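# Fold and geometry: a report
Chain by chain, the residues run as shown.
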Amino acid sequence: QAPSFSFPLMHSSPGSSRPPRPIRLGFLGAGGFLRDHFAPVFKAHPGVGEIWVADTEFSRARDLAAHHGFAGAAGSLEELIARGVDAVAIFTPRH
């Protein structure tokens, strides 16, 4: 069953007459919590456009991006931001 969404994820500039566009989203951390639970939900959301993922273990980010059909991978937060994402969701361990 496809998830239902009750929150908008569209990007528009204040005062702009252009219609909102899907946001470009970045994930920081490519572990199991993101892979198994959240990546499919964000990928299916109609308000999310391009998705990038970054991890200090670049191969893990690359593999997750390939598995879910994301735009690409990065090896750091700085590289992720350089991709022009609108927002970053943090999925790193709590320690």
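Preceding this section is the structure that the text describes.
Predicted, not measured: the structure shown is a model, and the values here were computed from it. (Residues numbered from 1 in each chain as written. Predicted model: local features only at pLDDT ≥ 70, side-chain atom pairs only at ≥ 80, totals over all residues. Heavy atoms only, no water.)

### Focus: the pattern of salt bridges
As a reminder of what qualifies: Here, a salt bridge means any Lys or Arg side-chain nitrogen found within 4 Å of an Asp or Glu carboxyl oxygen.
Per the counting criterion, the structure on display carries 6 salt bridges. A salt bridge links Arg35 to Asp36; the nearest nitrogen and oxygen atoms lie 3.0 Å apart. Taken together, the shared-partner salt bridges in this structure form one network comprising Asp55, Glu57 and Arg60.

### Remarks on helix α2 (residues 58-68)
Cut-off, in case you're wondering: Only protein chains enter the accessibility calculation, which uses a 1.4 Å probe. A residue is then buried if its area is under 20% of the maximum for its type, exposed if over 50%, and partly exposed in between. The helix count covers DSSP runs of H or I at least four residues long, the strand count covers runs of E at least two residues long, and both are numbered beginning at the N terminus. In this description, one arc is meant: the one made by directions from the helix axis to the C-beta atoms. Should any heavy atoms of two residues lie within 4.5 Å, those residues are counted as being in contact.
Those residues of α2 lying buried are Ala61, Leu64, Ala65 and His68. The buried residues of α2 occupy an angular sector of 100° when the element is viewed end-on, so they sit on one face. Seen from the buried face of α2, the exposed residues on the opposite side, beyond 90 degrees, are Ala66 and His67. Lining the buried residues of α2 we find α1 (32-44), β3 (48-54) and β4 (72-74). Two residues or fewer after α2 comes Gly69, characterised by a positive phi angle close to 75°.

### Quick look at the side chain of His68
Structurally, His68 is set in helix α2. Residue classification places His68 among the buried positions, given a relative accessible area of 15%.

### Overview of the environment of Pro46
Note that Pro46 resides in the loop between α1 and β3. On a C-alpha basis, the gap between Pro46 and Ile23 in space is 9.7 Å, while along the polypeptide they are 23 residues apart.

### Quick word on the environment of Ile23
Considering the arrangement of structural elements, one finds Ile23 in strand β2 (residues 21-28). Look at Ile23 and you get buried, because its relative accessible area is 9%. Expressed as a C-alpha distance, the spacing of Ile23 and Asp86, which sit 63 residues apart in the sequence, is 6.0 Å.

### Section: α1
At 3.6 residues per turn, the α-helix brings residues three or four places apart onto the same side. This is how it is decided: In this scheme, a helix's expected span is set at 1.5 Å multiplied by one less than its residue total. A residue's bend is given by the angle between axes fitted to the 7 residues ending at it and the 7 residues starting at it.
Over its 13 residues, α1 runs 18 Å from end to end, which matches the ideal 18 Å to within 8%, given 1.5 Å per residue. The largest bend in α1 is about 50°, located at Phe38, with the proline Pro40 one to four residues further on. Within the sequence span of α1, burial applies to Leu34, Ala39 and Phe42. Those residues of α1 that are buried lie in contact with β2, β3 and α2.

### Observations regarding the nonpolar core
Quick note on the threshold: Buried Ala, Val, Leu, Ile, Met, Phe, Trp, Tyr and Cys residues form a nonpolar core when they are joined through side-chain atoms within 4.5 Å.
Within the largest apolar cluster, 17 residues are counted, with the highest numbers of intra-cluster contacts made by Leu25, Phe27, Leu34, Phe42, Ile51, Val53 and Phe70. Within the residue set of this core, elements represented by two or more residues are β2, α1, β3 and α2. Sequence-distant contacts of Leu25, that is, excluding residues within four places in its chain, are made with Phe42, Val48, Glu50, Ile51, Trp52, Val85, Ala87 and Ala89. Ranked by size, the runner-up nonpolar core spans 6 residues in total, among them Leu28, Trp52, Leu80 and Val85.

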